[in-house]
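Residue-level listing of the chains:
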Amino acid sequence: MKWIKRLGLLFVAIVLVAILAVIAFALTFDPNDYKAQIASQVEKQTGRSIQFDGDLSVTLFPWLGAATEDVELANAEGFDPGSMVRVRRLEAQAALLPLLRGEFEIGTLLLEGAEIHLARNAEGRSNWDDLLEHRDDPADQPAEADRPEEDEPAGSARTLTIGGVDIREATVHWRDEQAGQDVTVEGLSLRTGALADGEPTRVELASGFRLDLPDMPAMEGRVDLAADVQAWLERQDVEIRDLDLNLSASSEAAAGEGGALPRQIDAALQVEKADVRGGDSQARVEGMTLDLKANEAGPMTYLESRLQAVLEADWSRGRYELPSLSFEADMKGLPEVRETLSVAGSAVVSADMETGTATIGDLVLTSDPVTMKSDLSLAGLDSGELTASGPVTVDAFNPRELADRLGFTVPEMRGDKTLTRLAANGELDVTPTRAMIEGLSLELDGRELGGRAGIDNLDTGRLFARLEGGEFDVNPYLAPQGEDDPGSSDGNGGDSGQASSAARDAEIELPMETLRGLNLDARLQLARLVYEKYRIDNPVVHLTAAGGQLRLTELNAEAFDGRIAGTGGLDVRGDVPGYTGNVDISGVSLQPLLMAVMDEDRLIGKGNVSANLSTQGKRVDQLKSALDGNAEFALRDGKVKGFDIGYMMRRAQARIDGKTEPEPEELETDFTAVTGTADIRNGVVTNDDLAGASPLLRVSGKGEVDLPRENIDYRLTTTVVNTATGQDGKALEKLKSVPVPIRIGGTFDDPKVSLDTEALVKGAAEGEVKRRVEEEIDKRLDDKGEPVKELIKGFGL
């Protein structure tokens, strides 16, 4: 047994010698002597130079570790700055004794003052591409036979424990010259607790950042994150609890110039639990809440919102679900909305990326008092050709309540129950080219419209509508009677004239930019429209708009016992809007038509009227001055109220005879037919071919009506053709066949109608002479007197 004792003494001696050797090595080894060799190996492996400006230090017991300071790795050629990575201090260590047991117990990893510069140049090359090329170079890889065996003995088990990660004051800068992006993360700090398989640890991160994006103002801010994390490496599972992420950022844009970025944004994300099972390719996120506040975000001056959700994912099968999703938001400063707009919603969402389909079920969107509901089916998620379909319902609500909440004042109307109920429903139909509501049904205060509406061309954004309805009575929606009555003024002529002048000079306010951007194709057809006491059957209105040109392509109706058809246009491409209009009216009753349009009742009868008009201007007086076009009219079986041509002629005859003609009970002139045309230039209406007929009279006329100056200069020539019938024709026997001139002058407000008595007396005398001469010729020459009658016409008889 002595050999065993001797063998033990030998082993102790060897251990003592080894310990003495290690101590001697530790006391004499200086890693700084090997900087050049280390730098040479790094350059061989990466193609980059590395520079150690600080000391290298090594510890052996109880921690096997290394530390270095002021290390700099060169950047790729052609990139600035000269260094890609610069580290002020790097420290790593591992416990020595656990290594002897096959356990890895690493202390806190420290990275302090790191600066990392990542870049891509205008040609699309990154400053790390050469590192990847060196890694993939076969010449830099050890031969297969030289590679150490990595097989582990059966039953061996290794554990890894890290005391923590401590990153301090790190900076990462990313510049993309190709995209014009510049992102800086600065002051980055990351601290963790001990990291061990299956053990929970605390993770805390804080950093500042700055974003410089093309065509946008710079934005800078700060992000903070804290969470409890537990990971199982072998199972590839991670559980995150009590995650709290906060972000605050501000834009350098001046007020109102933030563009796509808000001027100020604050966001907070909380997650109660996130369970990621990497081995099963599944995850579930519970209690997720995102709070967002933003100032001057797009068109809004302020936005405050909250989103809450539960997320389930199975990415191996491409399935994702939001079994619970809800949000609410308050928005201020929206265009045309003076008050805060509050919106809330909820839904159940599921998606299958393998089939490219998804559903949005139980969708409810609410902005009190409006509630919209839907169940949508989506397809084409995998191809990018998105489609969506499903029923959409807007529950009945009170539009007046909505107006109150938005800060609008609803004008007073005749009906006390107007705008108190609105509801809608239809089928959503969305494709890559359109977004429509088919089978649309609208109900307004018990009146229904149906059809389809939406955007029929997503590329151009054209709004499209085809609506039809039954009888629609607009009277309840009109202003209360008497408010807009022209006769309701106080009778002060001076004030009325000033008001009229102000109206002529007032500029017509058109939303020019809105109209220029409008892309529209809308058509409305009703069975009947009731306006005041008038019934308009089968009215049709078709309006289109594109490129700053609005066109009334169809205006048809059966009304006033006839038909009305028209077209029109509004051109806002230039600074001064231009107007065009064409109208064709046939067989209408004139008085009710003029009463409905102009509140004018002095013309009675049936008629056909056609006109082609154009003008331009920003004010009413400009529109009148620029009015051009032509018109044609043919009236029949009616009367003109306000003056009596027959009476005027009888009164003139009475004056000639020295008699007195009594005033008639009602001044009016009957006609069986009136025709004529008009030429309109610069607002002056010229007519040279007026022709009128009645049982008693024949009338011709010509003259001008100056619309800008509101002056009338018109002359009528009236001839008595039948004294046996008509308006007391016997009293006009002496004026038979005598042209009687009548002048109409004055202004629109005060027209003057006068008879040219001197011309009438002269004409009557000439007519009497002519009559007596013809009677004498007939008496003396009998039937041979016609040549003589023709001869004396040359003398003016």
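Residue positions are given per chain, counted from 1 along the sequence in the order it is written. Residue-level local features of this predicted model are given only where pLDDT is at least 70; pairs of side-chain atoms are given and counted only at 80 or more, and the full residue set underlies all totals for whole chains, interfaces and linings. Neither water nor hydrogens contribute to the side-chain values; these are computed over all heavy atoms in the structure.

## So, the overall build of the chain
Here is step 1: Secondary structure follows DSSP: runs of H or I at least 4 residues long count as helices, runs of E at least 2 residues long count as strands, and numbering of each begins at the N terminus. When helices and strands are tallied, the chain shows 12 helices and 37 strands.
Here is step 2: Taken over 797 residues, the chain has a buried fraction of 31%.
Here is step 3: Working rule for contacts: check all heavy atoms of both residues, and any pair within 4.5 Å makes them a contact. A fraction of 50% describes how many contacts in the chain between residues 6 or more apart in sequence connect residues 24 or more apart. Per-residue accessibility, obtained with a 1.4 Å probe over protein chains only, is compared with the maximum for each type, and a residue is labelled buried under 20%, exposed over 50%, and partly exposed between these values.

## A word on the packing of aromatic side chains
Here is step 1: Aromatic pairing here means that ring centres of Phe, Tyr or Trp (its six-membered ring) are within 6.5 Å. Orientation follows from the plane angle: under 30 degrees is stacked, over 60 is edge-to-face, and everything else is tilted. The final tally for this structure, using the stated rule, is 3 aromatic pairs.
Here is step 2: Look at Trp 128 and Trp 174: their rings are 6.1 Å apart centre to centre, the planes differ by 40°, and that puts the pair in the tilted class. Within this pair, whereas Trp 128 is found in the loop between β6 (115-120) and α4 (129-136), its partner Trp 174 is found in strand β7 (residues 159-176), the two being separated by 46 residues in sequence.
Here is step 3: Residue class for Trp 128 comes out partly exposed when judged on its relative accessible area of 29%.

## Let's talk about a negative patch on the surface
Here is step 1: Exposure above 30% relative accessible area and no salt bridge define the residues that can form patches, which grow by joining like charges within 9 Å and nonpolar side chains of Val, Leu, Ile, Met, Phe, Trp and Tyr within 5 Å. Only the protein chains shown count as cover for residues, and the accessible areas themselves come from Shrake-Rupley with a 1.4 Å probe. A side-chain nitrogen of Lys or Arg and a carboxyl oxygen of Asp or Glu constitute a salt bridge if their distance falls within 4 Å. This count recognises Lys and Arg as positive and Asp and Glu as negative, with His and chain-terminal groups excluded. Just so you know, the charge point we use is NZ for Lys, CZ for Arg, CG for Asp and CD for Glu. Negative charge collects at one region of the surface, where Glu 632, Asp 688, Asp 689, Glu 704 and Asp 713 lie side by side.
Here is step 2: Examined against the element boundaries, Glu 632 turns out to sit in strand β31 (residues 628-641).
Here is step 3: Taking relative accessible area as the criterion, Glu 632 reaches 48% and is therefore assigned partly exposed.

## Details of the environment of Arg 175
Here is step 1: When you line up the elements, Arg 175 lands in strand β7.
Here is step 2: Spatially, the C-alpha atom of Arg 175 lies 8.2 Å from that of His 117, the residues being 58 residues apart in sequence.
Here is step 3: The contacts of Arg 175, once residues within four sequence positions are left out, are Leu 118, Ala 119, Arg 120, Gln 181 and Asp 182.

## Re the pattern of salt bridges
Here is step 1: Under the criterion given, the structure shown has 42 salt bridges.
Here is step 2: One salt bridge connects Arg 168 with Asp 166, and the closest N-O pair in it is separated by 2.7 Å.
Here is step 3: With relative accessibility at 32%, the residue Arg 168 sits in the partly exposed group.
Here is step 4: For the salt bridge of Lys 624 with Glu 710, the shortest nitrogen-to-oxygen distance reads 3.1 Å. Here Lys 624 is found in helix α9 (residues 620-625), whereas its partner Glu 710 is found in the loop between β34 (697-706) and β35 (711-720), with 86 residues between them in sequence.

## Overview of the side chain of Asn 121
Here is step 1: Tracing the sequence through the fold places Asn 121 in the loop between β6 and α4.
Here is step 2: Nitrogen and oxygen atoms within 3.5 Å of one another constitute a polar contact, given that in protein one can donate a hydrogen and the other can accept it, and given that sequence-neighbouring residues count only through two side-chain atoms. Looking at Asn 121, its side chain comes within polar contact range of the main-chain nitrogen of Glu 123, at 3.0 Å.
Here is step 3: Setting aside chain neighbours within four positions, we find Asn 121 in contact with Phe 79, Glu 177 and Gln 178.

## Re the nonpolar core
Here is step 1: Counting residues in hydrophobic clusters, the biggest one holds 30 residues, and the most contacted among them are Phe 560, Ile 564, Val 588, Ile 645 and Leu 716.
Here is step 2: Here this core gets 4 residues from one element, more than from any other, and that element is β35. Throughout this description, the term nonpolar core refers to a set of buried Ala, Val, Leu, Ile, Met, Phe, Trp, Tyr and Cys residues connected via side-chain atoms within 4.5 Å.

## Some details on the confidence of the model for the chain
A low pLDDT score tells you not to read the predicted coordinates there in detail.
Here is step 1: The predictor rates its confidence in each residue with pLDDT, a number between 0 and 100. This prediction gives the chain a mean pLDDT of 82; 78% of its residues lie at or above 70.
Here is step 2: The weakest mean pLDDT in the chain belongs to helix α1 (residues 2-28) at 48; the strongest belongs to strand β21 (residues 422-430) at 97.
Here is step 3: Confidence drops under pLDDT 50 across residues 152-157; counting only partners more than four residues distant or on other chains, this segment forms 2 contacts.

## Comments concerning a nonpolar patch on the surface
Here is step 1: Nonpolar side chains collect at one region of the surface, where Trp 315, Tyr 320, Met 353, Leu 381 and Leu 386 lie side by side and expose about 410 Å² of accessible area between them.
Here is step 2: On the accessibility criterion, Trp 315 (39% relative accessible area) is partly exposed.

## Notes on the environment of Gly 287
Here is step 1: Residue placement: Gly 287 occurs in strand β14 (residues 282-297).
Here is step 2: Gly 287 gets classed as partly exposed once you look at its relative accessible area, which sits at 25%.
Here is step 3: Linking Gly 287 and Asp 242, residues 45 residues apart in sequence, is a C-alpha distance of 9.4 Å.
Here is step 4: Beyond its immediate stretch of four places on either side in the chain, Gly 287 contacts Gln 270, Val 271, Glu 272, Ala 309 and Val 310.

## Topic: helix α5 (residues 399-406)
Here is step 1: By the burial criterion, the buried members of α5 are Pro 399, Ala 403 and Leu 406. Buried residues of α5, viewed axially, fall in a sector of 70°; they line one side.
Here is step 2: In the core, the buried residues of α5 are packed alongside β17 (341-352), β20 (387-397) and β21.
Here is step 3: Two to three positions downstream of the cap, the backbone nitrogen of Arg 400 sits 2.9 Å from a side-chain oxygen, assigning the N-cap of α5 to Asn 398.
Here is step 4: Directly after α5, the chain includes Gly 407, whose backbone phi takes a positive value near 85°. Along the arc lie the directions from the helix axis toward the C-beta atoms.

## Observations regarding the pairing of β17
Here is step 1: When DSSP finds two or more bridges between a pair of strands, those strands are recorded as paired. Inspection of the sheet shows strand β16 (residues 319-332) paired to β17 by 11 bridges, in the antiparallel sense. By the bridge assignment for β17, Asp 330 is matched with Ser 342.
Here is step 2: Note that β17 and strand β18 (residues 357-367) share 8 bridges and pair antiparallel. Residue pairing for β18: Val 349 is matched across the bridge by Ile 360.
Here is step 3: Remark: 4 residues form the turn of the hairpin made by β17 and β18, two consecutive strands paired antiparallel; Gly 356 in that turn has positive phi of roughly 70°.

## A word on helix α2 (residues 35-46)
Here is step 1: Given a rise of 1.5 Å per residue, 12 residues ought to cover 16 Å, and the 16 Å separating the end C-alpha atoms of α2 matches this to within 8%.
Here is step 2: Note on α2: the residue one or two positions beyond its end, Gly 47, has a positive phi of about 80°. Each residue after the first adds 1.5 Å to the expected span of a helix.

## Quick notes on unusual backbone geometry
Here is step 1: Following Asp 80, the chain continues to Pro 81 via a peptide bond in cis, the omega torsion being -5°.
Here is step 2: Here Pro 81 shows up in the loop between β3 (63-74) and β4 (83-95).
Here is step 3: Asp 368 connects to Pro 369 through a cis peptide bond whose omega is 10°.
Here is step 4: Residue placement: Pro 369 occurs in the loop between β18 and β19 (370-379).
Here is step 5: The backbone of Leu 419 shows a phi angle near 55°, a positive value even though the residue is not glycine.

## Re the pairing of strand β15 (residues 300-314)
Note on strand geometry: in a regular strand, side chains alternate between the two faces of the sheet.
Here is step 1: As paired strands, β14 and β15 are joined by 13 bridges and run antiparallel to one another. Bridge assignment links Gln 282 to a residue of β15, and that residue is Asp 314.
Here is step 2: Hairpin connection between β14 and β15: a loop of 2 residues separates the two successive antiparallel strands, and Gly 298 in this loop has a positive phi of roughly 60°.
Here is step 3: Taken together, the 12 bridges between β15 and β16 define a ladder with antiparallel strand orientation. When the sheet's bridge partners are listed, Glu 304 is paired in β16 with Asp 330.
Here is step 4: Taken together, β15 and the strand that follows it, β16, pair antiparallel across an intervening segment of 4 residues, in which Gly 318 is found at a positive phi of about 70°.

## Here's the deal with the environment of Tyr 534
Here is step 1: Its place among the elements puts Tyr 534 in strand β26 (residues 534-546).
Here is step 2: On the basis of relative accessible area, Tyr 534 is assigned to the buried category, the value being 11%.
Here is step 3: Each C-alpha atom, one on Tyr 534 and one on Pro 592, is 7.9 Å from the other, the two residues being 58 residues apart in sequence.
Here is step 4: In contact with Tyr 534, not counting residues within four places along its chain, are Leu 529, Phe 560, Pro 592, Met 595 and Ala 596.

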